[in-house]
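Summary of the model geometry
Below, each chain spelled out in residue letters.
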Amino acid sequence: MGAAMRRIHVGNALSAFGLGFTVPYLYVYVAQVRGLGSVTAGLVLAVFAVAALIVLPFAGRAIVRRGPLPVLLVALVTAALGAMSLGLSASAATVLLSAAALGAGQAVMQPALATMIVDCSTTETRSRAFAMQFFLQNLGLGVGGLIGGHLVDTSSASSFTLLFAIEAAMFLVLVAVMATVRAPRAPRIEEAPGQSTGGGSWKQLLGNRAMVQLCVLGFVLFFACYGQFESGLSAYGVEAAGISTSALGTALAANTLMIVVAQFAVLKFVERRKRSRVIASVGLIWAVAWAVAGYAGLGHGSQAMATAAFISTYALFGLGEAMLSPTLAPLVADLAPTGLAGQYNSAFALVKQLALAIGPAVGGPLGASLHGPYIVAFLLFSLGITVLAVRLGRQLTDVQNQPSLARSRVVTQGGAPADAVVAAEA
């Protein structure tokens, strides 16, 4: 791991640590501490998603034209201003504007950092680099949330102001750290022969059948998992399984613990296998997770068994996430033609944000009231992940699907270089 990659990973950990201070307590802060009510608190959460959906298409183009580092620095400053303003806001208007700035900055960080990882890694090292990123993100979120929980006091607005100030400080520290990064200079879109700017890059992306299929698969993945954690699945656990709020917190901790423990244990397994098969196996694991959740709420067993089953559900989701982290992001990078990694990363981040916006809106009411249909529907979504992953595998070259083949002098027939295949498809 070079000096640039080490700084990038430190940056990932710091940003996640800062977000962990405030994300779990944002609803309580707006609705109760500032006394703005549940409607305004819900709008704040929606603003995060809307801001991301607005800025991400422009972020991809900016990363391609200017490079990821300048875009990242602007995003960090924007997020810092949004966080500090949110901690000082007392009216609905200022809270919503501050949330929009924080959400926009936070959204742009993801593809910018991902593109920097791509620029500082090779096909052989990319899976490990993204696994490290995901590990540090979850560790940072968990530690930040734990410390923030001990600092916060719902009877004191100043304690929340302190949390947002710490978050803003983390973003500014990250600005100082990332400003020292000397990443390899990746080709810009103007320098890549035969590629057009602006809408042409989006047209080229949409003409890449493998990337389009990966975006569809990504939407289902994020919709059926991440989009349910704090909405549909938690509502189902409380209403159908009678899970207490403390047990729900334990389940979320089990998810993080599984990721931290399993991330590098599964890495060698993932690196030696086809990416499409890894994603397909995640679909099967998550189908089992939803079946276990069904037992928790519909099995009519003891409360202790229901609680254990519900915690196991979150742990199984964590195992699947640990398998996806060294698989999805590197695949996006390998599908991107020279100079367009930022565009492809932003497009995939846009799909993720869309799924995270729609997932809670659909899953929340369904999980709270229609318990049986909710479990059956998302069990089928998980099996759909397996089917979509198998179909995606047919669109990938041998090296795209299994990068370890690139280390060999002899690649199985059909394993053309990724850029050549994408160019041919375009």
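Residues numbered from 1 in each chain as written. Predicted model: local features only at pLDDT ≥ 70, side-chain atom pairs only at ≥ 80, totals over all residues. Heavy atoms only, no water.

**Structural notes on the overall build of the protein**
Scanning the protein for helices and strands turns up 19 helices and zero strands. The buried share of the protein, reckoned over its 426 residues, is 52%. In the structure as shown, the protein presents an accessible area of about 17,300 Å², 67% of it carried by carbon and sulfur atoms. (Helix = DSSP H or I, 4+ residues; strand = E, 2+ residues; numbered from the N terminus. Buried < 20%, exposed > 50% of the residue type's maximum accessible area, 1.4 Å probe, protein only. Areas by Shrake-Rupley, 256 points an atom, 1.4 Å probe, with all protein chains shown as cover.)

**Thoughts on the pattern of salt bridges**
All chains considered together, the criterion is met by three salt bridges. For Asp-334, the salt bridge identified is with Arg-126, shortest N-O distance 2.8 Å. Of this pair, Asp-334 sits in helix H15 (residues 328-335) while Arg-126 sits in helix H6 (residues 126-151); the two residues are 208 residues apart in sequence, bridging distant segments of the chain. For Arg-126, a relative accessible area of 8% gives the class buried. Arg-275 is paired through a salt bridge with Asp-334; the nearest N and O atoms lie 2.8 Å apart. Here Arg-275, found in helix H13 (residues 275-298), pairs with Asp-334, found in helix H15; they are 59 residues apart in sequence, far enough to count as distant. Accessibility classification places Arg-275 together with Asp-334 in one group, the buried group. Each of Arg-126, Arg-275 and Asp-334 takes part in one network of salt bridges that share partners. (Salt bridge = Lys/Arg side-chain N within 4 Å of Asp/Glu carboxyl O.)

**Re the packing of helix H10 (residues 232-239) against helix H16 (residues 341-369)**
Each pair of packed helices can be summarised by the angle the axes make with each other and by the distance between the axes. With their axes 7 Å apart at the nearest point, H10 and H16 run at an angle of 15 degrees to one another. The angle between the axes of H10 and H16 places the two elements in the roughly parallel class. Seen from above, H10 lies across H16 with right-handed handedness. For the pair formed by H10 and H16, the contact residues are Gly-232, Ala-235, Tyr-236 and Glu-239 on the first element and Gly-363, Gly-364, Gly-367 and Ala-368 on the second. For the contact of H10 with H16, the class distribution of residues is three nonpolar, four polar and one charged. (Axes fitted to C-alpha atoms, helices over the stretch in contact; angles between N-to-C directions. Parallel < 35°, antiparallel > 145°, perpendicular 65-115°, else oblique. Left-handed = near helix turned anticlockwise from the far one by under 90°. Contact = heavy atoms within 4.5 Å. Nonpolar A, V, L, I, M, F, W, Y, C, P; charged D, E, K, R; others polar.)

**Things to note about the packing of aromatic side chains**
All told, the structure shown has 15 aromatic pairs when counted by the stated rule. Judged by centre distance (5.2 Å) and plane angle (70 degrees), the rings of Phe-223 and Phe-381 are edge-to-face. In this pair, Phe-223 sits in helix H9 (residues 209-224) while Phe-381 sits in helix H17 (residues 371-393), placing the two residues 158 residues apart along the sequence. Judged by relative accessible area, which is 7%, Phe-223 ranks as buried. The interplanar angle of 80 degrees and the centroid separation of 5.5 Å between the aromatic rings of Trp-290 and Phe-317 together place this pair among those described as edge-to-face. Of this pair, Trp-290 sits in helix H13 while Phe-317 sits in helix H14 (residues 303-324); the two residues are 27 residues apart in sequence, bridging distant segments of the chain. The rings of Phe-219, Phe-223, Tyr-236, Trp-286, Trp-290, Phe-317, Tyr-374, Phe-378 and Phe-381 are connected pair by pair, giving a single aromatic cluster. (Phe/Tyr/Trp six-rings, centres within 6.5 Å; stacked < 30°, edge-to-face > 60°.)

**Some remarks on the environment of Thr-313**
Of note, Thr-313 is situated in helix H14. Exposure remark for Thr-313: the relative accessible area of 0% places this residue in the buried category. As a C-alpha pair, Thr-313 and Ile-285 span 28 residues in sequence and 9.9 Å in three-dimensional space. Apart from residues lying up to four places away in sequence, Thr-313 is in contact with Leu-233, Ala-289, Val-292 and Ala-293.

**Side note on the nonpolar core**
Formed by 112 residues in total, the largest nonpolar core has its most connected members in Met-178, Met-211, Leu-214, Leu-233, Trp-286 and Phe-310. Here this core gets eleven residues from one element, more than from any other, and that element is helix H5 (residues 92-119). (Core = buried A, V, L, I, M, F, W, Y, C linked by side-chain atoms within 4.5 Å.)

**Notes on the confidence of the model for the protein**
Atomic detail in the predicted coordinates should be set aside for any region of low pLDDT. Residues of the protein with pLDDT of at least 70 account for 89%, and the chain-wide mean is 81. A low-confidence stretch, residues 188-197 stays under pLDDT 50, and its non-local contacts, those more than four residues away or across chains, total 22 contacts. (pLDDT = per-residue confidence, 0-100.)

**Some words on helix H3 (residues 37-66)**
Its 30 residues give H3 an end-to-end C-alpha distance of 41 Å, which sits within 8% of 44 Å, the value for a rise of 1.5 Å per residue. Taking the largest bend as the criterion, H3 deviates by roughly 35 degrees, centred on Leu-56, and proline Pro-57 comes between one and four positions later. Within two residues after H3, Gly-67 carries a phi angle of roughly 100 degrees, on the positive side. (Expected span 1.5 Å × (residues − 1). Bend = angle between axes of the 7 residues up to and from the residue.)

**Here we look at the side chain of Ser-89**
Inspection of the secondary structure puts Ser-89 in the loop between helix H4 (68-88) and H5. What makes Ser-89 buried here is its relative accessible area of 4%. Within the structure, Ser-89 has its side chain in polar contact with the side chain of Ser-98 (distance 3.3 Å). Every residue in contact with Ser-89, bar those within four places of it in the chain, is listed here: Tyr-29, Arg-34, Thr-94, Val-95 and Ser-98. (Polar contact = N/O pair within 3.5 Å; in protein donor to acceptor, adjacent residues only side chain to side chain.)

**Description of the side chain of Asn-12**
For Asn-12, the location among the structural elements is in helix H1 (residues 3-22). Asn-12 sits in the buried class, given a relative accessible area of 0%. Polar contacts involving the side chain of Asn-12 include one to the side chain of Gln-133, which spans 3.3 Å.

**So, the packing of H13 against H14**
The interhelical angle for the contact between H13 and H14, taken along N-to-C directions, is 170 degrees, at an axis separation of 8 Å. Taken together, H13 and H14 sit at an angle that is classed as roughly antiparallel.

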